[in-house]
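# Secondary and tertiary structure notes
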Amino acid sequence: MSDYDVIVIGGGPVGENAAARTAAAGLRTVLVEAERVGGECSYWACMPSKALLRPGHALAAARRVPGVPVGDRIDPVAVFARRDGFTSGWDDAGQVEWATGAGIEVVRGRARLVGERRVSVDGRELAATRAVVVCTGSVPRTPPVPGLADVPSWTSRDATSAHEVPPALVVLGGGVVGVELAQAWARLGSDVTLVVSGDRPLPRFEPFAGDAVVAGLRADGITVETGARAVSASTVDGGVALGLADGRVVSGSHLLVATGRQPATFDLGVEAFGFTPGQALPVDDLGRVSGVDWLYAAGDVTGRAPLTHQGKYAARAVGTAIVAGTTSAPPWSAAVATADHTAVPQVVFTDPEVAFVGRTAAQAREAGLDVRVVEIDIAVAGSSLHADGYTGRAAMVVDERTRTLVGVTFVGPDVAELLHAATIAIVGEVPVDRLWHAVPAYPTISEVWLRLLEAYGL
Ligand SMILES: Cc1cc2nc3c(=O)[nH]c(=O)nc-3n(C[C@H](O)[C@H](O)[C@H](O)COP(=O)(O)OP(=O)(O)OC[C@H]3O[C@@H](n4cnc5c(N)ncnc54)[C@H](O)[C@@H]3O)c2cc1C
Ligand SMILES: NC(=O)c1ccc[n+]([C@@H]2O[C@H](COP(=O)([O-])OP(=O)(O)OC[C@H]3O[C@@H](n4cnc5c(N)ncnc54)[C@H](O)[C@@H]3O)[C@@H](O)[C@H]2O)c1
């Protein structure tokens with residue numbers, strides 16, 4: 001049996017951060033990884049998907065500025081080669097080297113909890129003196145549509161690693177994966193149909209965000225079927241067909257199922273500690289798993305805020321708590337992932353982009369807050385210089401009791417970098433009257449902040 005202070009299960013971005021934190025403090029730390037150190041994000045999610053999207057966005061941006069010489073199409077082979085660079089050809093040697101350099105021992109294999117502070121990795125037993133941290137991420141969820149399990153289909157792994165453009169791609173699911181990959185492949189030359197069960201995609205965002213993204217997708221030639229509940233899947237000559245509840249049929253050469261993910265708690269031994277495989281490990285804000293004092297979890301496996309940056313934040317809190325032996329701490333202290341509840345930022349990297357932090361107006365009202373919502377077009381000198389015909393929209397949700405922001409959304413080309421100012425305003429609980437004195441530079445798109453505050457009445 002090998003002894004360590006800390007065993008981290010899962011070497012995605014979240015596990016890497018937890019391990020780095022404990023190793024940096026001198027704790028003997030082992031990171032157990034079943035596939036590739038770097039996890040889903042590095043090889044099949046954030047990095048390759050953004051690498052596939054970026055060239056299409058660059059071309060669209062150039063086309064919006066007269067005088068810039070542009071070609072008429074993207075070269076998919078060059079795009080794939082650049083994407084392959086970001087995934088290091090799906091080789092994790094560089095990540096392993098980083099981990100080793102950070103003082104983390106890497107053990108390859110599938111880990112399973114086998115007892116108190118004990119983990120088995122393909123028959124080899126490891127023990128931890130302090131803590132075991134579960135960072136196993138999530139896996140795709142396939143809905144129970146008759147026939148779907150039997151037809152050939154892509155998961156996000158296939159859709160981020162493919163080396164050929166599918167002639168006609170049907171995308172099932174209007175979440176973030178669905179809209180981003182629909183646009184990436186359409187701009188690479190595929191004939192794309194997006195199947196959305198609700199009235200619009202991106203149901204967890206302000207409604208105007210989903211509407212703007214639909215307009216952007218349609219402008220790219222994507223067929224967006226809304227109110228489209230898939231009830232059957234079958235193979236047809238040269239591809240796959242989805243039958244919809246109202247009788248519509250959509251078909252393509254390829255089908256991407258992008259209907260959400262579930263925590264990776266299968267084959268992990270969690271049932272011995274009272275948890276259900278496939279369900280999230282419930283944690284407190286320090287990342288301590290309910291009722292098991294030596295067990296911690298962070299990232300997608302907790303179901304809290306399934307985003308790379310937020311999982312890494314939770315991992316830093318877990319690492320801090322383990323190093324200091326903290327079992328409780330006030331909100332906003334270093335061992336506590338307080339922001340998960342009210343200040344999670346997210347960017348949807350479509351064109352137009354969606355950048356959102358905090359709560360939508362509906363979520364704030366559901367939480368019982370007395371809010372006022374200001375919603376305006378993004379129409380400032382900076383936006384008109386940025387692109388001819390720039391269109392965008394911004395919304396600010398203000399808690400009227402404290403006069404602080406609780407939610408901000410920007411939609412438009414290249415709005416992602418506006419988001420961190422909003423995150424700071426929410427986390428810092430900056431009153432709008434003080435925000436008024438944060439003067440945006442002229443002529444930047446950030447002047448939309450001034451317009452929002454003016455529309456609020458300042
Ligand atoms: C297509 C796509 C695009 C995305 N884009 C973004 C984005 O732009 N921005 C963003 O913030 N988020 C994005 N996400 C979400 C992001 O990928 C996840 O939130 C993030 O990867 C979670 O990190 P994690 O470390 O918790 O899990 P993962 O990255 O899933 O890593 C978990 C690791 O644990 C390993 N593992 C699992 N079980 C075991 C076991 N029993 N033993 C040993 N190892 C095990 C796995 O092999 C894996 O390497 C995207 C997701 C998808 C699907
Ligand atoms: N840029 C980013 O930050 C980014 C990019 C991609 C993914 N992610 C994250 O990865 C995770 C997974 O993303 P996702 O898009 O797979 O999940 P999701 O849960 O965001 O969206 C899944 C969508 O599929 C729909 N759906 C479910 N069952 C369906 C059915 N039977 N028919 C039609 N539609 C159905 C749901 O209504 C939902 O809108 C999310 O947490 C997401 O935030 C983030």
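Definitions and limits used
- Residues numbered from 1 in each chain as written.
- Chains lettered and ligands numbered in written order.
- Predicted model: local features only at pLDDT ≥ 70, side-chain atom pairs only at ≥ 80, totals over all residues.
- UniProt positions renumbered as here; feature names shortened; annotations may be inferred.
- Helix = DSSP H or I, 4+ residues; strand = E, 2+ residues; numbered from the N terminus.
- Pairing = 2+ DSSP bridges.
- Axes fitted to C-alpha atoms, helices over the stretch in contact; angles between N-to-C directions.
- Contact = placed C-beta atoms within 7 Å.
- Near = placed C-beta within 6 Å.
- Domains from an automatic or database assignment.
- Buried ≥ 20, exposed ≤ 12 C-beta atoms within 10 Å, placed from the backbone.
- Nonpolar A, V, L, I, M, F, W, Y, C, P; charged D, E, K, R; others polar.
- Parallel < 35°, antiparallel > 145°, perpendicular 65-115°, else oblique.
- Left-handed = near helix turned anticlockwise from the far one by under 90°.

Per an unreviewed UniProt entry, the recorded name for the protein chain is Dihydrolipoamide dehydrogenase, and the organism is Saccharothrix violaceirubra. For the protein chain, the Sequence similarities (unreviewed entry) comment in UniProt is given as "Belongs to the class-I pyridine nucleotide-disulfide oxidoreductase family."

Here the focus is the UniProt feature "domain: Pyridine nucleotide-disulphide oxidoreductase dimerisation" (unreviewed entry) in the protein chain. Under the present numbering, the feature "domain: Pyridine nucleotide-disulphide oxidoreductase dimerisation" (unreviewed entry) in UniProt falls on residues 344-449. In residues 344-449, the share of helix is 25% and the share of strand is 31%. The end C-alpha atoms are 19 Å apart.

With that settled, the discussion passes to the sheet that holds strand E8 (residues 168-172). With parallel pairing, the four strands of this open sheet are ordered in space as E10-E9-E8-E14. The open sheet has two free edges, formed respectively by strand E10 (223-225) and strand E14 (254-257), since each of these has just one partner strand. Direction aside, the axes of adjacent strands within the sheet are offset by 15° on average. Across five bridges, the pairing between E8 and strand E9 (residues 191-195) is parallel. The residue bridging leucine 169 from the neighbouring strand is valine 192, located in E9. Packing of helix H7 (residues 176-187) onto the sheet brings it into contact with E8, E9 and E14, and relative to E9 it is tilted by some 165°.

Turning next to the site of ligand 1. For ligand 1, the set of nearby residues contains 36 residues, the closest of which are Gly10, Gly12, Gly39, Gly137 and Gly299. Elements with a contribution of two residues or more to the shell around ligand 1: helix H1 (13-24), strand E2 (29-33), helix H2 (39-44), helix H3 (46-63), helix H6 (156-161) and helix H9 (308-324). Shared between two domains, the shell around ligand 1 takes at least three residues from each, and those domains are domain 1 (2-38 + 92-139 + 262-339) and domain 2 (148-259).

A word on the sheet that holds strand E13 (residues 249-252). Strands sit in the order E11-E12-E13 across an open sheet of three strands; the sheet is antiparallel. On the outer flanks of this sheet lie strand E11 (230-236) and E13, each paired with one strand and no other. Strand-to-strand twist of the sheet, defined as the mean angle between neighbouring strand axes without regard to direction, takes the value 20°. Pairing of E11 with strand E12 (residues 239-244) involves six bridges; the strand directions are antiparallel. Paired with threonine 235 across the strands is valine 240, a residue of E12.

In this numbering, the UniProt entry assigns the feature "binding site: NAD(+)" (unreviewed entry) to Gly173, Gly174, Gly175, Val176, Val177, Gly178, Val179, Glu180 and Gly260. In sequence the annotated residues extend across 88 residues, while in space they remain close, none of their C-alpha pairs exceeding 13.4 Å. Position of glycine 175 among the secondary structure elements: in the loop between E8 and H7. Excluding its chain neighbours within four sequence positions, the residues that come into contact with glycine 175 are Ala258 and Gly260. Position of glutamate 180 among the secondary structure elements: in helix H7. Judged by local crowding, glutamate 180 falls into the buried class, with 23 C-beta atoms found within 10 Å.

The subject of this paragraph is the environment of valine 107. Its location among the elements puts valine 107 in strand E3 (residues 104-108). Linking valine 107 and arginine 359, residues 252 residues apart in sequence, is a C-alpha distance of 40 Å. Sequence-distant contacts of valine 107, defined by excluding residues within four places in its chain, comprise Val30, Val32 and Val121.

Time to look at the site of ligand 2. As a matter of local geometry, ligand 2 sits amid 23 residues, with Pro143, Gly173, Gly175, Val177 and Gly260 nearest to it. The set of elements that each furnish at least two residues to the shell around ligand 2 consists of H7 and strand E17 (345-348). Per element, the largest residue contribution to the shell around ligand 2 is four residues, and it comes from H7. Of the residues assigned to the shell around ligand 2, the class counts are 13 nonpolar, eight polar and two charged.

Contact geometry for H3 and H7: axes closest at 9 Å, N-to-C directions at 50°. The orientation of H3 with respect to H7, classified from their angle, is oblique. H3 and H7 meet at a crossing whose hand is left-handed. When H3 is examined against H7, the residues Ser49, Leu52, Leu53 and Gly56 are found in contact with a partner set consisting of Glu180, Leu181, Gln183, Ala184 and Arg187. A class-by-class count of the residues in the contact of H3 with H7 yields four nonpolar, three polar and two charged.

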